[in-house]
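Chain residues, written in single-letter form:
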Amino acid sequence: MCGIDGYAGKRKAAAILAQGLIDLAYRGYDSAGIATIEGPRIEIFKREGNNSPEELYKRVSGLTLAGTVGIGHNRWATHGAPSVRNAHPHLSQGKRVAVVHNGIIDNFKALRAELEHEENASFRSDTDSEVLAYLIERELNFGALSLEDAVHTALAHVEGAYAIGVICTDYPDQIVAARNSSDLIIGVGEGELFLTSDEAALPTEANLKAAMKDGDIVTLFQNGQFHIRGHSEEDKKRRLEKVCIMPGQSRLGNHAHFMLKEILEQPEALRNALRGRIDLAHETVRLGCFTPEVTRQFRTCDRVVIIGCGTSYYSGLAGKLYIERFARVPVDVALASEYHYSDPIFTGREVVLSISQSGTTADTLNAMRLAQKHGVLCLGITNRVGSTLAREDDGGVYLHAGPEKAVASTKAFTSQVAVLALIAMKIAQIHGQRIDHALLRGLDALPSQLELVLRHQEQIKALAARYKKAARFVCFGRGYAMPLALEGALKLTEIPYFDAHGYAGGELKHGPLALIERGVPAIAIVPKGPHQEKMISNVREVVARKGEVIALVTEGDQALNGIATEVIELPEAPEEFISILAVPVFQLLSYYLGLERECNVDRPRNLAKSVTVE
Ligand code: G6P
């Protein structure tokens, strides 16, 4: 939520900052802005709207801005409407200081009221962030000996989560950055430095990086040197690591959109998630995080709690089915935002699995921290190496799905569900249960089978053209297909903005059937397996009420021919893996419906990928 960048070096900063904001746009895009030091002044450029980073880039590329030190920001509105006025960077009252801020200052109202009342301060925006610019300039006026000192003292007044970047006309060769709970990374190139919320947005010129830690205040100098307040040169060197994101991985390449790119990358992403983790010969699963201590905790635990948000929550629902059925250990799945405030019961015999693609979702992190405070072992499942979740968990499993940039999660879901199946099998092993060889083989075969599913693109594109004006969508499935019905409906909501609902097949008669009328498309997930007969009855119930059913069936199965309006055939696989196998159908349908309805598929309205506020 919100992306920050910064540049200090010899090159002109404006275009570098704007390009960085394009690469960070998935974190928020309702407005974008940059500030550079131009001689004795700070110049600020801002744009508002979904394409603000690109528009900003166009604008500054046509200007002759000479400044080589600057900061930038993509916003996802929290305090104050999305507008140029509320866009960052924010200037201080005396225009000496500009600030970009990601996070929320919890006590800003009180601070602002106090400053307005006691110091006659006036603010131009509705944001919490502008208060920071004021406070930093005030410290400079009070005689702070450096920009770093001013930032340090100003932050002492502030409660909440933040990552900030600050420039000041008194110190034209510096950016001061500070972190508390929001990611911030310094990229090191030849005689130049970059600041970014996400390593994936670092330009190719940065070959080393240093992740900032909570409490860090770092000064980045124009000559390419940086200094971490209170830390020695040796400490700093120890922090430096190689940048490990391949630049091409996070660029669009020949694809029309990141969403389509990431949907199509799923077979490869899944291969990477499974690589080296399935041992077919010995019928076992290998996961590095199962150290002797973790294994002991799983042996003695009597409950697993899975927490996550959005798509990660739905993959958690699939994880519950796996762990309960394979290992016979009870599982609770909780929305992280609810769990944190639900006064959960801790018995000392549970293990928590926290799932987050980005590893930065505030709700999930806070829920995990709560469990850790009660001494609970928390394993993380994340896609982002070195993310906050990965740093704070007590061990975990990486997805290795590669960068996911489209706001709606796609390839992370398939990898999360697969990793949860592996974890469930591992827990089953620990509890002395045999892993079914057919299941293990089925999991191993999924990447190739996904390639076959993705061949349905044209059929799905035609469906999108047919249903682009539908009143709503209803998605339903039973058993292992139930989490998928929910995730499928979420995709149809996020991207083409449909009123879409996901249900367990058996629930249709308890309410959702009221949504069915002539022409309403209902997507039924009906693979071969124990639920098939009941699902066919549900399909008939929908058709009897004049709904149109799009049925996802096992290849060659003709049971719904002549009943469903459209049948999409999926390769034969253990029904346990239907969520992985069939999810691309929902993703592609949402993508093409989004295009039909002229939606911004990579940057849906009002959403952001990395939600770092509660
Ligand atoms: C945001 C995204 C969703 C995502 C959710 C959880 O709301 O728009 O696509 O599922 O966050 O994200 P996480 O990174 O924690 O999996």
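Only a predicted model underlies this, so the values are computations on that prediction, with no experimental measurement involved.

Criteria and cut-off values
- Residues numbered from 1 in each chain as written.
- Predicted model: local features only at pLDDT ≥ 70, side-chain atom pairs only at ≥ 80, totals over all residues.
- Heavy atoms only, no water.
- Helix = DSSP H or I, 4+ residues; strand = E, 2+ residues; numbered from the N terminus.
- Rg over C-alpha atoms; globule rule 2.2 N^0.38 Å.
- Contact = heavy atoms within 4.5 Å.
- Areas by Shrake-Rupley, 256 points an atom, 1.4 Å probe, with all protein chains shown as cover.
- Buried < 20%, exposed > 50% of the residue type's maximum accessible area, 1.4 Å probe, protein only.
- Pairing = 2+ DSSP bridges.
- Right-handed = clockwise from strand over helix to strand, strands pointing away.
- Domains from an automatic or database assignment.
- Buried area = accessible area lost by both parts, 1.4 Å probe.
- Salt bridge = Lys/Arg side-chain N within 4 Å of Asp/Glu carboxyl O.
- Polar contact = N/O pair within 3.5 Å; in protein donor to acceptor, adjacent residues only side chain to side chain.
- Nonpolar A, V, L, I, M, F, W, Y, C, P; charged D, E, K, R; others polar.
- Core = buried A, V, L, I, M, F, W, Y, C linked by side-chain atoms within 4.5 Å.
- 1 Å grid on protein atoms, 1.4 Å probe; cavity = no way out; pocket = protein on both sides within 12 Å on 5 of 7 lines; lining within 4 Å.
- Points joined across faces, edges and corners; volume = space filled by probe spheres on them.
- Axes fitted to C-alpha atoms, helices over the stretch in contact; angles between N-to-C directions.
- Expected span 1.5 Å × (residues − 1).
- Parallel < 35°, antiparallel > 145°, perpendicular 65-115°, else oblique.
- Left-handed = near helix turned anticlockwise from the far one by under 90°.
- Near = heavy atom within 4 Å.
- Sits in = over half its atoms within 2 Å of the grid points.

(A) Geometry of the overall build of the protein. Summing up its helical and strand segments, the protein has 19 helices and 26 strands in all. Computed over its C-alpha atoms, the radius of gyration of the protein comes to 25 Å, within 12% of the 25 Å expected for a compact globule of 614 residues. With respect to the principal axes defined by its C-alpha atoms, the protein has extents near 80 × 55 × 45 Å. In the protein, the proportion of contacts linking residues at least 24 apart, taken out of those at least 6 apart, comes to 71%. When the accessible surface of the protein is totalled, it reaches about 23,100 Å², and 49% of it is carbon and sulfur.

(B) Examining the pairing of strand β22 (residues 473–477) more closely. Within β22, 5 of the 5 residues are buried, which leaves it mostly tucked inside the rest of the structure. With burial as the criterion, each face of β22 is covered, one bearing Phe473, Cys475 and Gly477 and the other bearing Val474 and Phe476. Bridging between β22 and strand β23 (residues 500–504) involves 5 bridges; their strand directions are parallel. Paired with Phe473 across the bridge in β23 is Ala500. Between β22 and its parallel partner β23, the chain crosses via helix α17 (residues 482–494), and the hand of that crossover is right-handed. Here β22 runs beside strand β24 (residues 521–526); their pairing, made up of 3 bridges, is parallel. The residue bridging Cys475 from the neighbouring strand is Ile523, located in β24.

(C) Inspection of the domain arrangement of the protein at higher detail. Entries for the protein in the domain assignment read domain 1 (3–242), domain 2 (253–435) and domain 3 (455–614). Using only C-alpha atoms to locate each centre, domain 1 and domain 3 end up separated by 43 Å. Contacts between domain 1 and domain 3 engage 15 residues on the former and 10 residues on the latter. Together, Tyr26, Tyr29 and Trp76 form the three largest contributors to the area buried by domain 1 at its contact with domain 3, with a combined 47%. The interface formed by domain 1 and domain 3 holds 1 salt bridge in total. For the pair domain 1 and domain 3, the interface holds 7 residue pairs in polar contact (both at pLDDT 80 or more). Listing elements by their share of the side of domain 1 that touches domain 3, those giving two or more residues are α2 (52–61) and β6 (97–105). If you tally residues by element for the side of domain 1 that touches domain 3, the top one is β6, at 3 residues. Among the residues forming the side of domain 1 that touches domain 3, the class breakdown is 7 nonpolar, 6 polar and 2 charged.

(D) Representation of the nonpolar core in the model. In terms of nonpolar packing, the biggest core is built from 100 residues, with Phe298, Tyr322, Leu443, Phe473 and Leu552 touching the most fellow members. Examining the composition of this core, we find that 14 residues originate from one element, helix α14 (residues 411–430), more than from any other. Lining this core are residues from two domains, each supplying at least three of them: domain 2 (253–435) and domain 3 (455–614). Leu132, Ala133, Tyr162 and Ala178 belong to the second-largest nonpolar core, a separate cluster that totals 29 residues.

(E) Here's a closer look at empty space enclosed by the protein. According to the stated counting rule, one finds 3 cavities of 30 Å³ or more in the structure shown. If you go around the largest cavity, the residues you meet are Cys2, Arg75, Trp76, Thr78, His79, His88, His101, Gly103, Thr127, Asp128 and Ser129. For the lining of the largest cavity, the class distribution of residues is 2 nonpolar, 7 polar and 2 charged.

(F) Region of the structure containing the sheet that holds strand β25 (residues 548–554). Reading across from one edge, β23-β22-β24-β25-β26 is the order of the 5 strands in this open sheet, with parallel pairing throughout. Taken across any chain shown, the strands that pair with only one partner, and hence form the sheet edges, are β23 and β26 (566–570). Averaged over all pairs of adjacent strands, the angle between strand axes in this sheet comes to 20 degrees, irrespective of strand direction. The strands that helix α16 (residues 457–467) touches are β22, β24, β25 and β26; relative to β26, the one it contacts most, it runs at about 155 degrees. Contacting β22, β24 and β25, helix α18 (residues 532–544) runs over the sheet at an angle of about 170 degrees to β24.

(G) Focus on helix α19 (residues 578–596). The end-to-end C-alpha separation of α19 is 27 Å, in line with the 27 Å expected for 19 residues at 1.5 Å each. Within α19, 17 of the 19 residues are buried, which leaves the element mostly enclosed by the surrounding structure. Looking one or two places after α19, you find Glu598, whose phi comes out positive at around 55 degrees.

(H) The arrangement of the packing of helix α15 (residues 437–453) against α19 in detail. Interaxial distance between α15 and α19 falls to 9 Å at its minimum, and their mutual angle equals 25 degrees. Put simply, α15 runs roughly parallel to α19. The element α15 and its partner α19 pack so that their crossing is right-handed. Taking contact as the criterion, the partners of Leu446, Gln449, Leu450 and Val453 in α15 are, on α19, Ile580, Leu581, Pro584 and Val585. In terms of residue class, the contact of α15 with α19 is made up of 7 nonpolar, 1 polar and no charged.

(I) Spotlight on the pattern of salt bridges. In the structure shown here, the tally under the stated rule is 36 salt bridges. A salt bridge links Asp214 to Arg179; the nearest nitrogen and oxygen atoms lie 2.7 Å apart. Placement of Asp214 in the loop between β11 (208–211) and β12 (217–221) and of Arg179 in strand β8 (residues 174–180) is noted, with a sequence separation of 35 residues between them. With a relative accessible area of 3%, Arg179 lands in the buried category. One salt bridge connects Glu487 with Lys491, and the closest N-O pair in it is separated by 2.6 Å. Here the residue Glu487 and the residue Lys491 both occupy positions in helix α17, the gap between them amounting to 4 residues, near one helical turn. Through salt bridges with shared partners, a single ionic network connects Arg179, Asp183, Asp214 and Arg391.

(J) Just the site of the ligand, in detail. Around the ligand there are 14 residues in total, and Ser312, Ser356, Gln357, Ser358 and Thr361 lie nearest to it. The contact in question runs from an oxygen atom of the ligand to an N or O atom on the backbone of Thr311, over 3.0 Å. Here an oxygen atom of the ligand and a backbone polar atom of Val407 are 3.3 Å apart. Most atoms of the ligand, that is more than half of them, are within 2 Å of grid points of the second largest pocket. Its residues assigned to classes, the shell around the ligand shows 4 nonpolar, 8 polar and 2 charged. Two domains each put at least three residues into the shell around the ligand: domain 2 (253–435) and domain 3 (455–614).

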